[in-house]
Amino acid sequence: MAVRIGRFLWSAAVGAVLLALLVGCGSSLTNTPGNSANAPAQSGGSAVADAVTKLNQIAQDSCQTQPPQLVYPTCDRFIAELRSAVTTVQNGADGLPNASSVRETSSTALSAADAFQRDGCGTGPGAASNTTANRPICVADLGRVRTGLGRLIQLTQGVTG
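Please read these numbers as outputs of a predicted model, since none were measured by experiment.

Moving on, we come to the overall build of the protein chain. Counting secondary structure elements, the protein chain contains eight helices and two strands. If you list the helices and strands of the protein chain from N to C, you get α-α-β-α-α-α-α-α-α-β. For the protein chain, the proportion of contacts with a sequence separation of at least 24, taken over those separated by at least 6, is 76%. On the protein chain, roughly 8,900 Å² of surface is accessible, and the fraction owed to carbon and sulfur atoms is 58%.

See below:
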C-alpha cells in the first residue's frame, strides 16, 4: 500500500513538472500578447475563452509539434482534448465577429478528428496503428487535425471572456 501511495505521489510530482514545462513553452501558434497585440479583443464568453486557452495549450503537444509519422500512434489524448475544446468553441461561436469561419473551421477539425479515430489511428479500441497499411492514412488524418487546430487558433486570437 505504501509503495502505491509513493508511486502515486511521484507520478503526480512528475506530471506537475511536465505540465509546468508544457505551459511555459512558447509557440508561434499560441495567443500570447506578442501575437495578439494587434488583434481586436473578441468576446465569446468565459467558456469559449477557456476553450481557446485550452487550444493554445493543446498546440504545445508533441502531436502538434513533432513529425506526424512519429507521433500519431500516441495521439489519442491529444485528439480527445482537442475535440472537447473545439466543440466548446464551435458551440460558443455566435459571440464572435467571425462566427461563420470559426464554426466552419471547427467542423473541419472535428471531422478530421473523427477520421483519425475511424481509421484506427492511435492506441484506443479498434486501433490499427501498428500496420504499415494505415500509416499514410493516419499521418494524413493527423495532418488535417493539426491544420484545423492552427487555423482555429488564428481565428480566435484576442478572444476574451
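A word on the state of the cysteines. In total, this model carries two disulfides according to the counting rule given. Covalently, Cys-63 is tied to Cys-75 through a disulfide, its sulfur atoms 2.0 Å apart. Residues Cys-63 and Cys-75 are joined by a disulfide whose S-S torsion is about -105°; by sign, that bridge is left-handed. Taken together, the residues span a long stretch of sequence, with Cys-63 in helix H4 (residues 62-65) and Cys-75 in the loop between helix H5 (68-71) and helix H6 (76-91) at a distance of 12 residues. Of the two residues, Cys-63 and Cys-75, both sit in the buried class. Covalent S-S linkage joins Cys-121 and Cys-138, the inter-sulfur distance amounting to 2.1 Å.

Tracing the backbone shows Asp-94 in the loop between H6 and helix H7 (99-118). By relative accessible area, Asp-94 is classed as exposed at 63%. Those residues in contact with Asp-94, other than ones at most four positions away along the chain, are Ala-99 and Arg-103. Within the structure, Asp-94 has its side chain in polar contact with the side chain of Arg-103 (distance 2.6 Å).

It is worth spelling out the nonpolar core at this point. Of all hydrophobic cores here, the largest spans 35 residues; its most connected members are Leu-55, Phe-78, Leu-82, Leu-142, Val-145 and Leu-149. If you list the elements that add at least two residues to this core, you get helix H3 (46-58), H6, H7 and helix H8 (135-155). Those residues in contact with Leu-149 that sit more than four places away from it in its chain are Leu-55, Ile-58, Ala-59, Gln-64, Phe-78 and Leu-82.

Bringing H8 into the picture now. Turn by turn, an α-helix covers 3.6 residues, leaving residues three or four places apart pointing in a common direction. Given a rise of 1.5 Å per residue, 21 residues ought to cover 30 Å, and the 30 Å separating the end C-alpha atoms of H8 matches this to within 8%. Of the positions making up H8, those classed as buried are Cys-138, Asp-141, Leu-142, Val-145, Arg-146, Gly-148, Leu-149, Gly-150, Leu-152, Ile-153 and Leu-155.

Turning our attention to the packing of H7 against H8. Look at H7 against H8: their axes get within 8 Å of each other, and the N-to-C directions meet at 160°. One element, H7, and the other, H8, form an angle in the roughly antiparallel class. Crossing handedness for the pair H7 and H8: left-handed. In this structure, H7 contributes Ser-101, Val-102, Thr-105, Ser-106, Ala-109, Ala-112, Ala-113, Ala-115 and Phe-116 to the contact, and H8 contributes Cys-138, Asp-141, Leu-142, Arg-144, Val-145, Gly-148, Arg-151, Leu-152 and Leu-155.

Moving on: the pattern of salt bridges. Scanning the model with the defined rule gives six salt bridges in all. Salt-bridge contacts for Arg-103 lead to Asp-94; the nearest nitrogen and oxygen are separated by 2.6 Å. Judged by its relative accessible area of 32%, Arg-103 is partly exposed. Notably, a salt bridge pairs Arg-118 with Asp-119, separated by 3.8 Å at the nearest N-O pair. Judged by relative accessible area, Asp-119 falls into the partly exposed class, the value being 26%. What emerges from the salt-bridge pattern is a single network uniting Lys-54, Arg-77 and Glu-81.

Conventions adopted
- Residues numbered from 1 in each chain as written.
- Predicted model: local features only at pLDDT ≥ 70, side-chain atom pairs only at ≥ 80, totals over all residues.
- Heavy atoms only, no water.
- Helix = DSSP H or I, 4+ residues; strand = E, 2+ residues; numbered from the N terminus.
- Contact = heavy atoms within 4.5 Å.
- Areas by Shrake-Rupley, 256 points an atom, 1.4 Å probe, with all protein chains shown as cover.
- Disulfide = S-S within 2.5 Å.
- Buried < 20%, exposed > 50% of the residue type's maximum accessible area, 1.4 Å probe, protein only.
- Polar contact = N/O pair within 3.5 Å; in protein donor to acceptor, adjacent residues only side chain to side chain.
- Core = buried A, V, L, I, M, F, W, Y, C linked by side-chain atoms within 4.5 Å.
- Expected span 1.5 Å × (residues − 1).
- Axes fitted to C-alpha atoms, helices over the stretch in contact; angles between N-to-C directions.
- Parallel < 35°, antiparallel > 145°, perpendicular 65-115°, else oblique.
- Left-handed = near helix turned anticlockwise from the far one by under 90°.
- Salt bridge = Lys/Arg side-chain N within 4 Å of Asp/Glu carboxyl O.

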